[in-house]
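Residue-level structure breakdown
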Amino acid sequence: PDSPLPRTMQNNPYDTLQMTVTLPTSDPLFRAKRDRLQPHGMSSQTTFDLSRAKPLPPALLAYMRLMLASNPAEVAAVVLPPAPPPRTRGSGAPPA
């Protein structure tokens with residue numbers, strides 16, 4: 001596609017942003033939604049990394065579906081990705 005931007009700017013690997021999504025505490029299903037998120041490593045306020053070069057993170061789409069759920073059955077039906085493994089501190093070498 002024709003673009004007025006130089007080629008180096010069209011495929012900029014740094015063309016990213018962080019988007020923070022928050023469940024409103026006024027939502028009648030707030031507690032159920034929050035409780036559904038926690039085992040998956042997410043909370044009522046979660047930040048997602050977005051990139052023009054990558055598809056939307058599946059966890060973001062699931063989070064948005066959960067936000068739009070309007071009854072307990074819809075909350076339970078949302079498929080959330082597994083929690084990411086915990087990050088380790090240090091040199092990255094396995095413990096002795």
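Residues numbered from 1 in each chain as written. Predicted model: local features only at pLDDT ≥ 70, side-chain atom pairs only at ≥ 80, totals over all residues. Heavy atoms only, no water.

Observations regarding the confidence of the model for the chain
Under the convention used in this document: Think of pLDDT as the predictor's per-residue confidence, scored from 0 to 100. Secondary structure counts use DSSP, requiring at least four H or I residues in a row for a helix and at least two E residues in a row for a strand, with both numbered from the N terminus.
Put simply, the chain has an average pLDDT of 83, and 75% of its residues get 70 or more. When mean pLDDT is compared element by element in the chain, helix α4 (residues 72–77) scores highest at 97, while helix α1 (residues 7–10) scores lowest at 56.

Some words on the nonpolar core
Cut-off, in case you're wondering: Note on terminology: a nonpolar core comprises buried Ala, Val, Leu, Ile, Met, Phe, Trp, Tyr and Cys residues joined through side-chain atoms within 4.5 Å. Working definition: with a 1.4 Å probe on protein chains only, accessible area under 20% of the residue-type maximum means buried, over 50% means exposed, and in between means partly exposed.
Ranked by internal contacts, the top residues of the largest apolar core, which has 17 residues, are L37, M42, F48, Y63 and L80. Contributing elements (two or more residues each) for this core: α2 (30–37), β2 (45–51) and α3 (58–68). The element contributing the most residues to this core is α3, with 5 residues.

What about the pattern of salt bridges?
For clarity, the cut-off: Just to be clear on terms, a salt bridge is a Lys or Arg side-chain nitrogen sitting within 4 Å of an Asp or Glu carboxyl oxygen.
Taken as a whole and assessed by the stated rule, the structure comprises 3 salt bridges. For D35, the salt bridge identified is with R34, shortest N-O distance 3.7 Å. Taking the relative accessible area as the measure of exposure, R34 reaches 23% and is therefore partly exposed.

Observations concerning α3
Because an α-helix completes one turn every 3.6 residues, residues spaced three or four positions apart along the sequence face the same direction. The test is simple: To be clear, the arc concerns the directions from the helix axis to the C-beta atoms. Note on contacts: a residue pair qualifies if any of its non-hydrogen atoms lie within 4.5 Å across the two residues.
All of the buried residues along α3 are A59, L60, A62, Y63 and L66. The buried side chains of α3 occupy one side of the element, clustering within an arc of 165 degrees when seen end-on. Within α3, the exposed residues directed more than 90 degrees away from the buried face are P58, R65 and L68. The inward-facing, buried residues of α3 contact β1 (16–22), α2, β2 and α4.

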